Structures are given as C-alpha cells and as structure tokens.
Amino acid sequence: VRMLPPRLQQLVRMLPPAQRSPGRLPERLAAKGKTRAKVALFTGCVGEALFSHTNWATARVLQENGCDVIVPRNQVCCGAIHFHAGSEEPAREFADTNSREFSPDSVDAIIVNVAGCGSMLKDYGHHWSDGQQADREKFAAKVRDIHEFLDELGLVPPSGEIRESATYHDACHLAHAQGVREAPRNVLSQIPGLTLHELPESDLCCGAAGTYNLTEPEMAQRLSRRKLDHIISTGSRVVITANAGCLLQISREAREQGHRFAVVHPMDLLDKSYRNECIKW
C-alpha cells in the first residue's frame, strides 16, 4: 500500500475489514404475514460491494414489515459519482437503464438505503430534458429512502433488545438533500434497550462527501476529526449513519485514532432487533 499514490492510499485506508459475503439477494422475497406493500430494492454498486450485509438486512426488515421485495437483476449504478464529476452521458445511461428495469408502475415504492444514491435517484427527472424525461420522472416519483418509507408505512415494532449507547450522524445527502431527518430517529427509537444520544453538529459533514475525501484530503480529515471528537463526547459505543461514504469515513477515522466503535447502518441494528441478535465488535 505504501507504494500507491497518496490519494489511493487514502482510499485503501477507508476499506472496511474483509468479511465473508452473504451472497447475492434473490430476485424475490415474500412478505411475512399480511402483505402491506410491494417494493423494489436498489442495491447500489459500492453498497453491494462493501455493504451487501446491509442490503440483506434491509430486505429482511422490509419482509418483517409486510413487504414483498423485488430485486431487479439488471439494475445499475445510480450515476451520482459520474454526474458530480461532469460525466453526464454515462450518468444518463444509468438513469435510463434503472428507469426501465425497475418497472415503477408495478411497485408501490423503490427503496434505497444509501443517502447519496437516494439523492441522485430522486433527481432523475430534473437532470435531462429529452424524450426519456417522463420515464425518469415516473421512476423518481417512486423512490423512497428506507427510513421515510418505514415511517410512513408504520413500523412493525421489533422485540429484540439491543442494550447499547448510540449516537446518530445525519448524512448530508439524507438530511440536506432529501430532507429526511426525523424518520431515522423515529425508527431507531423503537428498538428496545437502545439509548440514543444526540450528536453535536449532527448534520455537519463527516468529510466523505462522495469523492471529496480523495480530492481534498486535508479538509476532509479536519472534518472527520471534528466529527470523531463530537462522537467521543457523547460517550456512545455505537455510531449510526445511513450512507456508505459516512460509514467508511467515520470507521477509518476511528481506527486511525485508536477508538473502537461499532459503526453501523440503522437497518443493521433494526434487523438485529427483529432477529434477537447482539452486535458483534
């Protein structure tokens, strides 16, 4: 790793510890109990490569809440990184593929569990004016962040206790771009035994910001250290956030500063509560 250019070293240091993949999600998962909704799950590219366990957790949570889950086989990247970097054509191709493969008319909602992806998917109808715009608008209208969807649907309360002290970091793309702030807290508050401590400057960027931590590593590091200081001040053992970049950035900073936190997605915790499992450190 030391032989890599500095920016690539930064990227490698963000990788989480290797773990066994749970395998690919099936194309269809049936609801538990009475069916309340039919949804399609967006699994993402970074999300599927590094957080496939969270995609499985999300699918199981949806099942517990009475949802039939469809996982389109030919879905592709949301296109956010391409679009932010000025590569509009590949981003538009991804948007058109997803708009077609998810068949929005056949589901009640298109579920996404990564804040950055959700922001891009919800904006498909705004970025390009051409013959496919109507299809992209129809797709975008069905996109729901997993937390806002569960909050609107009415969460089936989990029963498994998770006796941990935790704090929640608002991902920029969830709080600022999508305006989803209370729904994750509402969902987490229903986990028995979980104590949530409010994080100072919760909606201040952690330094990840897509590729910002690669293009502006010095400023990104200042932000991540500031975020970690606030996390430590809460006395929490668990850090919760709903974006892949935030999960990677906060985990990396904690490792480099020698702090041991469980840094997890809300769906990971909710799934463990439904399954009566403990957090593994």
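In what follows, the structure referred to is the one given above.
Residues numbered from 1 in each chain as written. Predicted model: local features only at pLDDT ≥ 70, side-chain atom pairs only at ≥ 80, totals over all residues. Heavy atoms only, no water.

Novice: Give a description of a nonpolar patch on the surface that names residues and reports values.
Specialist: A cluster of nonpolar side chains, contributed by Val1, Leu4, Leu8, Leu11, Val12 and Leu15, occupies part of the molecular surface with about 470 Å² of accessible area. For Val1, the position within the fold is in the segment before α1 (6-14). (Patch = residues over 30% accessible without salt bridge, like charges linked within 9 Å, V, L, I, M, F, W, Y side chains within 5 Å. Areas by Shrake-Rupley, 256 points an atom, 1.4 Å probe, with all protein chains shown as cover. Salt bridge = Lys/Arg side-chain N within 4 Å of Asp/Glu carboxyl O. Helix = DSSP H or I, 4+ residues; strand = E, 2+ residues; numbered from the N terminus.)

Novice: Summarise the pattern of salt bridges; cite the residues concerned and give the values.
Specialist: Counting across every chain of the model gives 22 salt bridges. Of the charged contacts, one joins Glu277 and Arg275 as a salt bridge, the two residues approaching to 3.7 Å between their closest N and O atoms. Given the relative accessible area of 31%, Glu277 is considered partly exposed. Arg275 gets classed as partly exposed once you look at its relative accessible area, which sits at 39%. Among the charged side chains, a salt-bridge network with shared partners connects Arg60, Asp271, Lys272, Arg275 and Glu277. (Buried < 20%, exposed > 50% of the residue type's maximum accessible area, 1.4 Å probe, protein only.)

Novice: I'd love a proper account of the sheet that holds strand β4 (residues 109-112), names of residues and values included.
Specialist: Reading across the sheet, the five strands line up as β1-β3-β2-β4-β5 and stay open at both edges, with mixed pairing between neighbours. Both edges of this open sheet fall to β1 (28-29) and β5 (143-145), since each of them pairs with a single strand only. In the sheet, strand β2 (residues 37-42) pairs with strand β3 (residues 67-70) via four bridges, with the strands oriented parallel. Bridge pairing links Ala40 to Ile70 in β3. Strands β2, β4 and β5 of the sheet are contacted by helix α6 (residues 115-122), whose axis makes an angle of about 155° with β5. Across the sheet, helix α8 (residues 133-142) touches β4 and β5, and the angle it forms with β5 is around 30°. (Pairing = 2+ DSSP bridges. Contact = heavy atoms within 4.5 Å. Axes fitted to C-alpha atoms, helices over the stretch in contact; angles between N-to-C directions.)

Novice: Account for the sheet that holds strand β9 (residues 262-264), with residues named and values stated.
Specialist: The strand order across the open sheet built from four strands is β7-β6-β8-β9, with neighbouring strands paired in parallel fashion. The open sheet has two edge strands with one neighbour each: β7 (195-197) and β9. When strand polarity is set aside, the average angle formed by the axes of neighbouring strands in this sheet is 30°. For strand β8 (residues 238-240) and β9, the ladder comprises three bridges, and the chain directions are parallel.

Novice: Go over empty space enclosed by the protein, please, and point to the residues and values.
Specialist: Using a probe with the size of a water molecule, rolled over the atoms, empty space left in the structure can be pinpointed. For the structure shown, the criterion picks out one cavity of 30 Å³ or more. For the largest cavity, the calculated volume is near 60 Å³. What lines the largest cavity is simply Gly47, Phe51, Thr54, Asn55, Asn113, Val114, Ala242, Asn243, Ala244, Leu247 and His265. Of all the elements in the fold, those that place two or more residues in the lining of the largest cavity are α3 (52-64) and α14 (244-256). A per-class count over the lining of the largest cavity returns five nonpolar, six polar and no charged. (1 Å grid on protein atoms, 1.4 Å probe; cavity = no way out; pocket = protein on both sides within 12 Å on 5 of 7 lines; lining within 4 Å. Points joined across faces, edges and corners; volume = space filled by probe spheres on them. Nonpolar A, V, L, I, M, F, W, Y, C, P; charged D, E, K, R; others polar.)

Novice: Give a description of the nonpolar core that names residues and reports values.
Specialist: With 75 residues, the main nonpolar core has Val39, Leu62, Phe149, Leu150, Ile240, Leu269 and Leu270 as its most contacted residues. If you tally residues by element for this core, the top one is α14, at six residues. If sequence neighbours within four positions are ignored, Leu269 has contacts with Ile162, Leu188, Ile191, Leu194, Val238, Ile240, Val264 and Ile279. (Core = buried A, V, L, I, M, F, W, Y, C linked by side-chain atoms within 4.5 Å.)

Novice: Can you explain the packing of helix α5 (residues 88-101) against α8? Please cite residues and give values.
Specialist: At a minimum axis separation of 9 Å, α5 and α8 run at an interaxial angle of 65°. Viewed along their axes, α5 and α8 adopt a mutual orientation that is roughly perpendicular. Crossing hand, α5 versus α8: left-handed. Taking contact as the criterion, the partners of Arg92, Ala95, Asp96, Asn98 and Ser99 in α5 are, on α8, Asp135, Arg136 and Phe139. (Parallel < 35°, antiparallel > 145°, perpendicular 65-115°, else oblique. Left-handed = near helix turned anticlockwise from the far one by under 90°.)

Novice: Please give an account of the packing of aromatic side chains that cites residues and values.
Specialist: Applying the stated criterion across every chain, the model contains four aromatic pairs. For the ring pair Phe83 and Trp128, a centre distance of 5.6 Å and an interplane angle of 80° mean the geometry is edge-to-face. Of this pair, Phe83 sits in helix α4 (residues 80-84) while Trp128 sits in the loop between α7 (124-127) and α8; the two residues are 45 residues apart in sequence, bridging distant segments of the chain. Measuring from ring centre to ring centre gives 5.7 Å for Phe102 and Phe139, while their planes differ by 75°; the resulting arrangement is edge-to-face. Placement of Phe102 in the loop between α5 and β4 and of Phe139 in helix α8 is noted, with a sequence separation of 37 residues between them. (Phe/Tyr/Trp six-rings, centres within 6.5 Å; stacked < 30°, edge-to-face > 60°.)

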